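Chain by chain, the residues:
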Amino acid sequence: MPTGFTDNFNHQEKCIAMRKVAMSTSQKYFQTLLHDADIIIGGNRPCDIQVKNPRFFERVLAVGTLGLGESYMDGWWECEALDEFFCKVLQRQLNRTIRFNTVDICRYIQAWLHNRQNRRRVKQVGEQHYDTGNDLFSLMLDKNMAYSCGYWQNASTLDEAQDAKLDMICRKLQLKPGMRLLDIGCGWGSMVRYAAEKYGVEAVGITVSEEQVQLARERCEGLQVEIRLQDYRELKGKFDAIVSVGMFEHVGYKNYRTFMEIVRKILNDNGLFLLHTIATNHTSLNGDPWFDKYIFPNGMLPSAKQLTSAIEHHYVLEDWHNFGVYYDQTLMAWFQNFRDNWPKLHRSYGDHFYRMWSYYLLCMAGCFRARYLHVWQVVLAPNTRKTGYPSIRCPACIT
């Protein structure tokens, strides 16, 4: 056998042996790590994971949560109850243990140097996520097509929970017939439609999604509702009340102050602004890399520190309501609808999408179950408003 061939063969054998050692080391590391969260690799409980490809361990160590999500999409590992898996992982804060890698470091620097939510990039989330398909969202969501946390205090179904949430927002804003309401990030028109029908207001809704604009206009036909394809930075005029539900997650920390200043400029001196947003316990400059790549590009969640800094000098903080515990229930209801209706969606979206979307919904459910994420409804008043504000924690009786 030629010497060069022998040397090359021996080198390949050494590389294979080294990879086996690395895999063995990384697997042992994960076994110890997950054991602390009461998760067993190869266990028989729903929260345990089954690893199909041994390269899974190195992939997650190399690129963190991006590798965790992508390897699931690729079928490298399985878990019967992804929601419970993520709940256990986050309760033990294992995400902080393997947090820093080249992907996270590069994204942190990029978020610090650049405004990832500027005007040029604003439509990306609409095109990638909200324009995914109205057929998907109409089958997954409630009758209102409300794509945010429902209020389950006295509700037993998703429809009831979303009705309760919409009604509670109207009451918190003290809406009355004839008032002019603005919804920043109106989605498929659930909020403006409900407020116009039930409270007799004139409403304007804005979104950056063309698909949402088309369907929202159809759903609000015949009402005093205008739906616009518009960025919040283009807003003008005056409104008696302003609401933003599930849109602030796309604003970005570099724009929080600008957002609050624009809202104040167009809000009447005696008006109210209600901000409904997902939030996090920890201040950060960007979002999770897997969610950024596959679900919500350029998204990030605010912290209390970032939010209060943005509202200083412009508003009185009238009320701060946290009901993030209900998002777990909402997400599981969405997943149930998604799974039940998958036979109708399969041809249009395919198996890879099913794994991606299941991972998204169940991961988020686990995050809220672990109290890692929250839902805040913050009511703000201009500092020129003289009257007090009564806190509201439940909707009126809905018939």
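In case you missed it, the structure is sitting above this.
The following refers to the structure shown. Remember, predicted model here, so these are calculated numbers, not experimental data. (Residues numbered from 1 in each chain as written. Predicted model: local features only at pLDDT ≥ 70, side-chain atom pairs only at ≥ 80, totals over all residues. Heavy atoms only, no water.)

Some words on the overall build of the protein chain
Next up, step 1: Within the protein chain one finds 16 helices and nine strands.
Next up, step 2: Expressed as a percentage of the 399 residues in the protein chain, the buried residues total 55%.
Next up, step 3: Restricting the contact set of the protein chain to residue pairs at least 6 apart, pairs at least 24 apart contribute 73%.
Next up, step 4: Split by element, the accessible area of the protein chain, about 18300 Å² in all, is 52% carbon and sulfur. (Helix = DSSP H or I, 4+ residues; strand = E, 2+ residues; numbered from the N terminus. Buried < 20%, exposed > 50% of the residue type's maximum accessible area, 1.4 Å probe, protein only. Contact = heavy atoms within 4.5 Å. Areas by Shrake-Rupley, 256 points an atom, 1.4 Å probe, with all protein chains shown as cover.)

Focus on the packing of helix 15 (residues 325-340) against helix 16 (residues 342-369)
Next up, step 1: Where helix 15 contacts helix 16, the two axes come as close as 9 Å, and the packing angle between them is 165 degrees. Considering their axes alone, helix 15 and helix 16 lie roughly antiparallel with respect to each other. Our pair here, helix 15 against helix 16, has a crossing hand that is left-handed. (Axes fitted to C-alpha atoms, helices over the stretch in contact; angles between N-to-C directions. Parallel < 35°, antiparallel > 145°, perpendicular 65-115°, else oblique. Left-handed = near helix turned anticlockwise from the far one by under 90°.)

What about the pattern of salt bridges?
Next up, step 1: For the structure shown, the criterion picks out 18 salt bridges.
Next up, step 2: Arg393 is the salt-bridge partner of Asp319, the closest N and O atoms lying 2.8 Å from each other. Taken together, the residues span a long stretch of sequence, with Asp319 in strand 8 (residues 315-322) and Arg393 in the segment after strand 9 (373-382) at a distance of 74 residues.
Next up, step 3: A residue is classified by how much of its surface remains accessible, and Asp319, at 5% relative accessible area, is buried.
Next up, step 4: Through salt bridges with shared partners, a single ionic network connects Asp38, Arg45, Asp48 and Lys88. (Salt bridge = Lys/Arg side-chain N within 4 Å of Asp/Glu carboxyl O.)

Overview of the nonpolar core
Next up, step 1: Core analysis: the largest hydrophobic core is formed by 74 residues, its most contacted members being Trp77, Tyr147, Phe338, Trp357 and Tyr360.
Next up, step 2: Ranked by residue count, the leading element in this core is helix 16, at 15 residues. (Core = buried A, V, L, I, M, F, W, Y, C linked by side-chain atoms within 4.5 Å.)

Brief notes about helix 16
Next up, step 1: The terminal C-alpha atoms of helix 16 lie 25 Å apart, and with 28 residues this falls more than 12% below the ideal 40 Å at 1.5 Å per residue.
Next up, step 2: Approximately 105 degrees is the largest bend angle found in helix 16, and it occurs at Tyr349.
Next up, step 3: With its phi angle positive at about 60 degrees, Arg371 sits one or two positions after the end of helix 16. (Expected span 1.5 Å × (residues − 1). Bend = angle between axes of the 7 residues up to and from the residue.)

A few points about the sheet that holds strand 4 (residues 202-207)
Next up, step 1: One open sheet accounts for seven strands, arranged 5-4-3-6-7-9-8; its pairing is mixed. Edge positions in the sheet fall to strand 5 (225-229) and strand 8, since each of these pairs with one other strand and no more. With direction set aside, neighbouring strand axes in the sheet form an average angle of 15 degrees.
Next up, step 2: As defined by bridge partners, strand 7 (residues 267-280) adjoins strand 9 across eight bridges and the pair is classed as antiparallel. Across the sheet, the residue bridging to Phe273 is Leu380, located in strand 9.
Next up, step 3: Along the sheet, helix 9 (residues 158-172) contacts strand 6 (239-245), strand 7, strand 8 and strand 9; its crossing angle with strand 9, the most-contacted strand, is approximately 25 degrees. (Pairing = 2+ DSSP bridges.)

Details of the packing of helix 2 (residues 56-63) against helix 3 (residues 65-73)
Next up, step 1: Two elements in contact, helix 2 and helix 3, have axes whose closest approach is 6 Å; the angle formed by their N-to-C orientations is 145 degrees. Residues Phe56, Arg59, Val60 and Val63 of helix 2 touch helix 3, and the partners they reach there are Thr65, Leu66, Gly67, Leu68, Glu70 and Ser71.
Next up, step 2: Considering only residue class, the contact of helix 2 with helix 3 consists of five nonpolar, three polar and two charged. (Nonpolar A, V, L, I, M, F, W, Y, C, P; charged D, E, K, R; others polar.)

A few points about the environment of His313
Next up, step 1: Structurally, His313 can be placed in the loop between helix 14 (304-311) and strand 8.
Next up, step 2: It is 9.8 Å that separates the C-alpha atoms of His313 and Glu261, two residues lying 52 residues apart in sequence.
Next up, step 3: Sequence-distant contacts of His313, defined by excluding residues within four places in its chain, comprise Arg257 and Asn383.

Observations regarding the pairing of strand 9
Next up, step 1: Of all 10 residues in strand 9, 10 are buried, a share of seventy percent or more.
Next up, step 2: Side chains Leu373, Val375, Gln377, Val379 and Ala381 of strand 9 all project onto a buried face; the interleaved residues His374, Trp376, Val378, Leu380 and Pro382 project onto the opposite face, where all are buried too.
Next up, step 3: Across seven bridges, strand 8 lies against strand 9 in antiparallel orientation. Bridge pairing in strand 9 places Trp320 opposite Val378.

What about helix 12 (residues 256-266)?
Next up, step 1: Among all positions in helix 12, only Tyr256, Phe259, Met260, Ile262, Val263, Arg264 and Ile266 are buried.
Next up, step 2: Along its buried surface, helix 12 packs onto strand 3 (180-184), strand 6, strand 7, helix 14, strand 8 and strand 9.

Some remarks on the packing of aromatic side chains
Next up, step 1: Under the counting rule described, the total for this entry stands at 39 aromatic pairs.
Next up, step 2: Summarising the aromatic geometry, the rings of Phe291 and Tyr360 are spaced 6.0 Å apart at their centres and angled 75 degrees between planes, so their arrangement reads as edge-to-face. Placement of the pair is Phe291 in helix 13 (residues 289-294) and Tyr360 in helix 16, with a sequence separation of 69 residues.
Next up, step 3: A relative accessible area of 12% means that Phe291 is categorised as buried. (Phe/Tyr/Trp six-rings, centres within 6.5 Å; stacked < 30°, edge-to-face > 60°.)

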